[in-house]
Amino acid sequence: MTGTDLSQTGVIDANIAPHSDTEAHVELTESYAAHNYHPLRVVLSSGEGAWVTDVEGRRYLDCLAGYSALNFGHGHPRLVARAQEQLGRLTLTSRAFYNDQLGPFARDLAALTGKEMILPMNSGAEAVETAIKVARRWGYLVKGVPEHRATIVAMEGNFHGRTTTIVSFSTDPVATAHYSPYTPGFKLVPYGDFAALEAAIDETTVGVLLEPIQGEAGVIIPPDGYLQQVRTLCHSQRVLMMADEIQSGLARTGRTFACDHEDVVPDIYMLGKALGGGLYPVSAVAADGDVLSVITPGSHGSTFGGNPLAAAIGHEVVAMLQTGEFQQRAQVLGARLSEGLAALVGQGLVEVRTRGLWAGVDIDPEMASGREVSEALLERGILAKEAHGQSVRLAPPLVASEDDIDLLVDAFADICAG
Ligand SMILES: *Cc1c(COP(=O)(O)O)cnc(C)c1O
């Protein structure tokens, strides 16, 4: 929308006399939308591929990519075409009836994960909630844990979403403060510490919930072999290994799932973000029948979960992932990004962690804060956001070009050069 459009529609009071379209939109948003985010000062109005344009006509390379919901970039033609076609045909039926999109989507997503079934939801947090419910039920009905005693072991530094139960086992005080009473039944251990995990498991444990790479914590990669150890332990203790691949999955790391890097297959996958192609919220849990069949009619559900529009988009996403093309691009572009950033370690960057086209960059506090670097990147036409304190997370869309990656590296080099 241009400034003229806004005044014509009367959306903005002329007396406020905004200095620019950007300021007008920031002011409106800050006035009428709750302040649960602290956005960078840029107002976006269109996007194509790896690039977005703001209301002033400036272009930016999107290196946040909707926290990896936009792995396929903005407005991928294949996804938009499929969504438009489905929009005109049928969008919502509720699960009170069958629809002709869910079955094919469920079959192909099950095949992609190597699991027998899926349970479709909408947001990532709902997929995590679903996995928690499935694990508890499995614990009582299959493993034989006494009712009300089930525990799930989760990891310090985790991010699994924002529901009251999920924040109950978050270790981020900003996410948890003043939301008590917290849901019981969770134990925390340090991420990547196998001995601590082993010690935390007892006869009441039904699941180990982890991100194979911790995204929000700053792209934290566990020690080599850790996921394999967790897999073996869960098998031997009869505990479900629950992998939250909502951010790490679907080609971001150069493989379909981050667990693939250690040839690990968890008992439960949680998927979201890129599963909706950046067009629509689509999430799911994938598991074998002996696990997911503990969910029976009426015991779990969602008005929108599995709707035909979501299923059509998700199905197209799965088809795009089956070729391996995006996984390949993540490897190629990721190697380029990793090499470029590695040269800056010791010159403003303290550490760089990369897996595929996903990087956690720790900024030297002597140079700047994570937020300041995000702002400096913005000035140079790059959108990125600090993850935790001194880290900036980089996750450009997998449709970015080699030149785009060079631009990103050059911007960092420029900032480091002061
Ligand atoms: C984003 C995210 C979630 C929550 O997804 P929402 O769609 O925001 O509810 C859960 N787990 C991980 C690892 C995520 O990155």
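Computed from a predicted structure; not experimentally measured.

The rules we used
- Residues numbered from 1 in each chain as written.
- Predicted model: local features only at pLDDT ≥ 70, side-chain atom pairs only at ≥ 80, totals over all residues.
- Heavy atoms only, no water.
- Domains from an automatic or database assignment.
- Contact = heavy atoms within 4.5 Å.
- Buried area = accessible area lost by both parts, 1.4 Å probe.
- Salt bridge = Lys/Arg side-chain N within 4 Å of Asp/Glu carboxyl O.
- Polar contact = N/O pair within 3.5 Å; in protein donor to acceptor, adjacent residues only side chain to side chain.
- Helix = DSSP H or I, 4+ residues; strand = E, 2+ residues; numbered from the N terminus.
- Buried < 20%, exposed > 50% of the residue type's maximum accessible area, 1.4 Å probe, protein only.
- Pairing = 2+ DSSP bridges.
- Near = heavy atom within 4 Å.
- Areas by Shrake-Rupley, 256 points an atom, 1.4 Å probe, with all protein chains shown as cover.
- Nonpolar A, V, L, I, M, F, W, Y, C, P; charged D, E, K, R; others polar.
- Right-handed = clockwise from strand over helix to strand, strands pointing away.
- 1 Å grid on protein atoms, 1.4 Å probe; cavity = no way out; pocket = protein on both sides within 12 Å on 5 of 7 lines; lining within 4 Å.
- Points joined across faces, edges and corners; volume = space filled by probe spheres on them.
- Axes fitted to C-alpha atoms, helices over the stretch in contact; angles between N-to-C directions.
- Parallel < 35°, antiparallel > 145°, perpendicular 65-115°, else oblique.
- Left-handed = near helix turned anticlockwise from the far one by under 90°.
- Expected span 1.5 Å × (residues − 1).

> How should I be thinking about the domain arrangement of the protein chain in this particular structure?
Quoted interface sizes are often the accessible area lost when the parts come together. According to the domain assignment, the protein chain contains domain 1 (6-32 + 46-75 + 325-416) and domain 2 (77-321). The straight-line distance from the C-alpha centre of domain 1 to that of domain 2 is 27 Å. Tallying the contact residues gives 30 residues for domain 1 and 30 residues for domain 2. The largest per-residue losses of area from domain 1 upon contact with domain 2 belong to Phe-72, Arg-355 and Trp-358, which jointly make up 32% of the total buried on that side. There are one salt bridge connecting domain 1 and domain 2. The interface formed by domain 1 and domain 2 contains 15 residue pairs in polar contact (both at pLDDT 80 or more). When residues of the side of domain 1 that touches domain 2 are traced back to their parent elements, those giving at least two are helix H3 (65-68), helix H13 (325-342), strand S11 (349-354), strand S12 (359-363) and strand S15 (391-394).

> Looking at this structure, how should I read the pattern of salt bridges?
Inspection of every chain in the model, using the stated rule, returns 17 salt bridges. In this structure, Glu-402 engages Arg-329 in a salt bridge whose closest nitrogen and oxygen atoms are separated by 3.1 Å. Of the two residues, Glu-402 sits in helix H15 (residues 402-416) while Arg-329 sits in helix H13, which places them 73 residues apart along the sequence. For the salt bridge of Arg-371 with Glu-386, the shortest nitrogen-to-oxygen distance reads 3.6 Å. Here Glu-386 lies in strand S14 (residues 385-386) and Arg-371 lies in helix H14 (residues 370-379), a separation of 15 residues in the sequence. The exposure class of Glu-386 is buried, given its relative accessible area of 18%. Among the charged side chains, a salt-bridge network with shared partners connects Arg-82, Glu-85, Arg-89 and Asp-100.

> Looking at this structure, I do not really get the sheet that holds strand S3 (residues 59-62). What am I missing?
The strands making up a sheet associate through hydrogen bonds between their backbones, and the pairing can be parallel or antiparallel. Taking strand neighbours across the sheet as the criterion, the four strands line up as S1-S2-S3-S13 in an open arrangement whose pairing is mixed. Two strands close off the open sheet at either side, each with one partner strand: strand S1 (44-48) and strand S13 (382-383). For S1 and strand S2 (residues 51-54), the ladder comprises four bridges, and the chain directions are antiparallel. Bridge pairing in S2 links Gly-47 to Val-52.

> Please clarify how the site of the ligand should be interpreted in this entry.
For the ligand, the full set of nearby residues is Ser-123, Gly-124, Ala-125, Phe-159, His-160, Gly-161, Glu-211, Asp-244, Ile-246, Gln-247 and Lys-273. At 2.6 Å, a side-chain N or O of Asp-244 approaches a nitrogen atom of the ligand. Within the side chain of Lys-273, one N or O atom sits 2.6 Å away from an oxygen atom of the ligand. Its free accessible area being 380 Å², the ligand has 81% of it covered by the protein chains. Split into classes, the residues belonging to the shell around the ligand amount to three nonpolar, five polar and three charged.

> Which parts of the structure should I look at to understand the pairing of strand S8 (residues 240-244)?
Regular strands show a simple pattern: their side chains alternate between the two faces of the sheet. With five of five residues buried, S8 is to be regarded as a mostly interior element. Burial of S8 is two-sided: the residues Leu-240, Met-242 and Asp-244 facing one way and the residues Met-241 and Ala-243 facing the other way are all buried. Bridge count between strand S7 (residues 205-210) and S8: four bridges; the pairing is parallel. The residue of S8 that forms the bridge with Leu-210 is Ala-243. For the handedness criterion, the β-α-β arrangement of S7, helix H10 (residues 226-237) and S8 is classed as right-handed. Sheet analysis places S8 next to strand S9 (residues 268-271), joined by three bridges and oriented parallel.

> Even after reading the chapter, I still don't get empty space enclosed by the protein, so can you show me in this structure?
Where empty space is left becomes clear once a probe the size of a water molecule has been rolled over the atoms. Taken as a whole and assessed by the stated rule, the structure comprises one cavity of 30 Å³ or more. In this structure, the largest cavity spans a volume of roughly 40 Å³. Residue classes in the lining of the largest cavity are distributed as four nonpolar, four polar and no charged.

> Sorry if this is basic, but what is going on with the packing of H14 against H15 here?
Relative placement of two packed helices is described by the angle separating their axes and the distance separating the axes. Their axes nearest at 10 Å, the elements H14 and H15 cross at an angle of 120°. By the angle between their axes, H14 is oblique relative to H15. For the pair H14 and H15, the crossing hand works out as right-handed. Residue-level contacts link Val-373, Ala-376 and Leu-377 of H14 to Ala-411, Phe-412 and Ile-415 of H15. Grouping the amino acids of the contact of H14 with H15 by side-chain chemistry returns six nonpolar, no polar and no charged.

> I tried to follow the layout of surface pockets on my own but got confused; where do I start?
Empty space within the second largest pocket amounts to approximately 650 Å³. Forming the boundary of the second largest pocket are 25 residues, of which Arg-95, Leu-102, Ile-118, Leu-119 and Pro-120 lie nearest the centre. Counting residues per element, the ones that place at least two in the lining of the second largest pocket are helix H5 (102-113) and strand S4 (117-121). Among the elements that take part in the lining of the second largest pocket, S4 stands out by supplying five residues, more than any other. Class assignment of the residues belonging to the lining of the second largest pocket gives a composition of 13 nonpolar, nine polar and three charged.

> Help me out: how do you make sense of H5 in this one?
For an α-helix the count is 3.6 residues per turn, leaving residues at separations of three or four pointing the same way. In a regular helix each residue adds 1.5 Å, so twelve residues correspond to 16 Å; H5 covers 16 Å between its end C-alpha atoms and thus fits that length. Among the residues of H5, those classed as buried are Leu-102, Phe-105, Asp-108, Leu-109, Ala-110, Leu-112 and Thr-113. Where H5 is buried, its residues meet S4, S9, strand S10 (283-287) and helix H12 (308-322). Positive phi appears at Gly-114, one or two residues downstream of H5, with a value of about 75°.

> So what exactly am I meant to see when it comes to unusual backbone geometry here?
Peptide bonds are, in most cases, trans, and in most cases residues other than glycine have a negative phi. The omega torsion of the bond from Ser-180 to Pro-181 falls at 5°, within 30 degrees of zero and hence cis. Looking at the element boundaries, Pro-181 is found in the loop between helix H8 (173-176) and strand S6 (186-189). One non-glycine residue, Tyr-67, adopts positive backbone phi at about 55°. Relative to the helices and strands, Tyr-67 resides in helix H3. Backbone geometry places Ala-251, a non-glycine residue, at a positive phi of 90°. Among the secondary structure elements, Ala-251 is positioned in the loop between S8 and S9.

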